[in-house]
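Structural overview
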Amino acid sequence: QVQLVESGGGLVQAGGSLRLSCAASGGAFGVRAMGWFRQAPGLEREFVAAVSRSGGSTYYADSVKGRFTISRDNAKNMMYLQMNSLKPEDTAVYYCAATRPFSNVASTTTAYNYWGQGIQVTVSS
């Protein structure tokens, strides 16, 4: 069983930056694709970014491309999301997610089997 814990959220002004972290435990981190998703009130959970098992390939939603950067450190069982040039529409609960071992990276929620509890990011205008 994989446990995922997000940290680093909070309140920031538009144009500011935040760095989210996801700490993983339970084993096999380096052979799982990882992703970030977010959910705003009244909306469905949406894809933000994903990273392959090795960290060599990354994928982004069009809405965050060029502003957000996903990365991972397999030696530390950690994943990160650097968020720059934040906008009020980035306000949401952000979730860290992991696939089963050796699964391919994906942008759909159904591809991920393990989820963190979520962390609030609020961007004020």
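Scroll up to find the structure this text is about.
Scope of this entry: the structure provided in the associated data block.

Criteria and thresholds
Residues numbered from 1 in each chain as written. Predicted model: local features only at pLDDT ≥ 70, side-chain atom pairs only at ≥ 80, totals over all residues. Heavy atoms only, no water. Pairing = 2+ DSSP bridges. Helix = DSSP H or I, 4+ residues; strand = E, 2+ residues; numbered from the N terminus. Axes fitted to C-alpha atoms, helices over the stretch in contact; angles between N-to-C directions. Polar contact = N/O pair within 3.5 Å; in protein donor to acceptor, adjacent residues only side chain to side chain. Core = buried A, V, L, I, M, F, W, Y, C linked by side-chain atoms within 4.5 Å. Buried < 20%, exposed > 50% of the residue type's maximum accessible area, 1.4 Å probe, protein only. Contact = heavy atoms within 4.5 Å.

**As for the sheet that holds strand β7 (residues 68–73)**
- The strand order across the open sheet formed by four strands is β1-β3-β8-β7, and the pairing between neighbours is antiparallel. Each edge of the open sheet carries a strand with a single partner, namely β1 (3–7) and β7. On average, adjacent strands in this sheet sit at an angle of 15 degrees to one another, irrespective of strand direction.
- Taken together, the six bridges between β7 and strand β8 (residues 78–83) define a ladder with antiparallel strand orientation. Each bridged residue has a counterpart across the sheet, and for Ile70 the counterpart in β8 is Leu81.

**Describing the pairing of strand β3 (residues 18–25)**
- Note: β1 against β3, five bridges, orientation antiparallel. Note on β3: the bridge partner recorded for Gln3 is Ser25.
- Sheet topology note: the β3/β8 ladder contains six bridges and is antiparallel. Bridge assignment links Ser21 to a residue of β8, and that residue is Tyr80.

**Observations concerning the environment of Asp62**
- For Asp62, the location among the structural elements is in the loop between β6 (58–60) and β7.
- With 15 residues separating them in the primary sequence, Asp62 and Asn77 have C-alpha atoms 27 Å apart.
- Only 3.1 Å separates the side chain of Asp62 from the side chain of Lys65, close enough to count as a polar contact.

**Remarks on the nonpolar core**
- Leu4, Met34, Trp36, Leu81, Met83 and Tyr94 are the most contacted members of the largest nonpolar core, which totals 35 residues.
- Of all the elements in the fold, those that place two or more residues in this core are β3, β4 (34–39), β5 (46–51), β7, β8, β9 (92–98) and β11 (119–124).
- Apart from residues lying up to four places away in sequence, Leu4 is in contact with Cys22, Ala23, Ala24, Met34, Cys96, Ala97, Ala98, Tyr114, Trp115, Gly116 and Gln117.

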